[in-house]
Amino acid sequence: MTTHQPLSVGLIGAGRMGSLHAETLAHRLPGVHLGAVADPAPGAARRLGDRLGCATTYTDIGELLSDPRIDAVVIVTPARTHADLVQAAAEAGKAVYCEKPMAVTLAEADRAIKAAADAGMPLQVGFQRRYDVGFRAAHEKIAAGAIGTPHLLRSLTRDPKLADPSRIPPWTIFLETLIHDFDILRYLNPGAEPVEVHAMADALVRPDFKDRGLLDTAVVTIRFDNGALATAEASFQAVYGYDVRAEVLGSAGMLTMGDLRRTHLTAYGPDGSAAECVTYDQHLFHDAYVAELADFTDSVRTGRAPSVTGEDARGALSIALAAIESVTSGGPVRVDRIQDV
């Protein structure tokens, strides 16, 4: 799509992350217009639309998809609805941005990718760490050979607290939390693909919810086809802040990325040194969240391919599903032999 008219984008899902993306579409991207908001929860779309000056709101997502004024959609709904909405949006002739995970089974992922390809619609998936300046710079250095061949990689995600475990579906730690780490490990090992996964997980934060399928602490090891070994870890209780970091050790050097300090200020006093920490993902990755939507809307307007594709989402999902199978079986799992769960 190449046009000088504002790109009209519809938002599907008016929750916490949807609200942030709506603000970006409404106010932060020149040449982009928040054209409509849809959410099936009564009043949710209207409240967000009123706050952002968007007059067109729907409780029926299908009505937004059939609105001819909408050029593209941003999907920010619960994870298990993503694949169906990607397919419906593509078939309605809309360019699609979908929050991670794009799907929770390989069959869903393949269906979503095929729907977008068949419709000739771009499909981008929301892995915002790729747009963080530190992670992107690391990828570029690794791709240029600055640290030689990657040997050891590490990525971690630690959330500050587990607020309401009753609302967390089974396997969330792999499908929705560590999915970021699985993607970034692929991103930081350019051209390599995972071949074997071994995972351990438990309910250490809220053991009383383990029998309901909640796992809140996990470590995953991954072997890549270029020989590199990687670890990904997650916890739902890092009381000090929202902690996201990564490291790559190569044959000729090492790169580290991620800093949870709120500012570069460190205070020194009689009790030692201290720094304030970020406690919210939208604060740590605010600029990256804006940058990924800027990249998506630019790709739609210029006709170039999206930078983060459905195939990237499928690659991360394959690791997540292998990790789930590994926890279930108690042993390592070949990625090429995984089955949908």
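Criteria and cut-off values
- Residues numbered from 1 in each chain as written.
- Predicted model: local features only at pLDDT ≥ 70, side-chain atom pairs only at ≥ 80, totals over all residues.
- Heavy atoms only, no water.
- Pairing = 2+ DSSP bridges.
- Helix = DSSP H or I, 4+ residues; strand = E, 2+ residues; numbered from the N terminus.
- Contact = heavy atoms within 4.5 Å.
- Axes fitted to C-alpha atoms, helices over the stretch in contact; angles between N-to-C directions.
- 1 Å grid on protein atoms, 1.4 Å probe; cavity = no way out; pocket = protein on both sides within 12 Å on 5 of 7 lines; lining within 4 Å.
- Points joined across faces, edges and corners; volume = space filled by probe spheres on them.
- Nonpolar A, V, L, I, M, F, W, Y, C, P; charged D, E, K, R; others polar.
- Phe/Tyr/Trp six-rings, centres within 6.5 Å; stacked < 30°, edge-to-face > 60°.
- Buried < 20%, exposed > 50% of the residue type's maximum accessible area, 1.4 Å probe, protein only.
- Patch = residues over 30% accessible without salt bridge, like charges linked within 9 Å, V, L, I, M, F, W, Y side chains within 5 Å.
- Areas by Shrake-Rupley, 256 points an atom, 1.4 Å probe, with all protein chains shown as cover.
- Salt bridge = Lys/Arg side-chain N within 4 Å of Asp/Glu carboxyl O.
- Polar contact = N/O pair within 3.5 Å; in protein donor to acceptor, adjacent residues only side chain to side chain.

Enquirer: Please clarify how the sheet that holds strand β11 (residues 243–250) should be interpreted in this entry.
Expert: By definition, the strands of a sheet pair up through backbone hydrogen bonds, in either a parallel or an antiparallel sense. Strand order across the open sheet formed by 7 strands is β12-β11-β7-β10-β9-β8-β15, with mixed pairing between neighbours. Looking along the sheet, the strands with just one partner apiece sit at the ends: β12 (253–257) and β15 (333–334). Pairing between strand β7 (residues 150–158) and strand β10 (residues 229–235): 7 bridges, direction parallel. Directly across from Leu 153, in β10, lies its bridge partner Ala 230. Across the face of the sheet, helix α6 (residues 133–143) comes into contact with β7, β11 and β12 while running at roughly 160 degrees to β12.

Enquirer: What's the story with the layout of surface pockets in this structure? I'm lost.
Expert: Sizing a probe to match a water molecule and rolling it over the atoms shows the empty space that remains. Quantified by volume, the largest pocket comes out at close to 1500 Å³. In this structure, the largest pocket is lined by 39 residues; those nearest its centre are Arg 16, Lys 100, Thr 172, Glu 176 and Asp 281. Elements with a contribution of two residues or more to the lining of the largest pocket: α1 (16–27) and α7 (172–187). Ranked by residue count, the leading element in the lining of the largest pocket is α7, at 4 residues. Looking at the lining of the largest pocket residue by residue, the class counts come to 16 nonpolar, 11 polar and 12 charged. By volume, the second largest pocket is sized at about 270 Å³. What lines the second largest pocket is a set of 13 residues, and nearest its centre among them are Gly 258, Asp 259, Arg 261, His 264 and Leu 284. Among the residues making up the lining of the second largest pocket, the classes are represented as 5 nonpolar, 4 polar and 4 charged.

Enquirer: Just to check I follow, could you spell out the packing of aromatic side chains for this structure?
Expert: To describe a pair of aromatic rings, you give the distance between the ring centres and the angle between the ring planes. Using the criterion set out here, one finds 2 aromatic pairs in the structure. With centroids separated by 6.2 Å and ring planes inclined at 35 degrees, the aromatic side chains of Trp 171 and Phe 174 adopt a geometry described as tilted. Relative accessible area serves as the criterion here: at 26%, Trp 171 is assigned to the partly exposed category. Residue Phe 174 is classed as buried on the basis of its relative accessible area of 0%.

Enquirer: Before we go on, may I ask you to explain a nonpolar patch on the surface in this structure?
Expert: Together, Leu 152, Leu 229, Leu 249 and Met 254 make up an exposed nonpolar region whose accessible area comes to about 340 Å². As for its placement among the helices and strands, Met 254 is situated in strand β12.

Enquirer: Looking at this structure, I do not really get unusual backbone geometry. What am I missing?
Expert: A negative phi angle is the norm for most residues apart from glycine, just as the trans form is the norm for most peptide bonds. Of note, the amide linkage connecting Lys 100 to Pro 101 takes the cis form, showing an omega dihedral of -15 degrees. By the secondary structure assignment, Pro 101 is in the loop between β5 (95–99) and α5 (106–119). Of note, Trp 171 is a non-glycine position whose phi angle comes to about 70 degrees, a positive value. Among the structural elements, Trp 171 can be located in the loop between β7 and α7.

Enquirer: Teacher, can you tell me more about the side chain of Ser 235 here?
Expert: By the secondary structure assignment, Ser 235 is in strand β10. A relative accessible area of 15% places Ser 235 in the buried class. Looking at Ser 235, its side chain comes within polar contact range of the main-chain nitrogen of Gln 237, at 3.1 Å.

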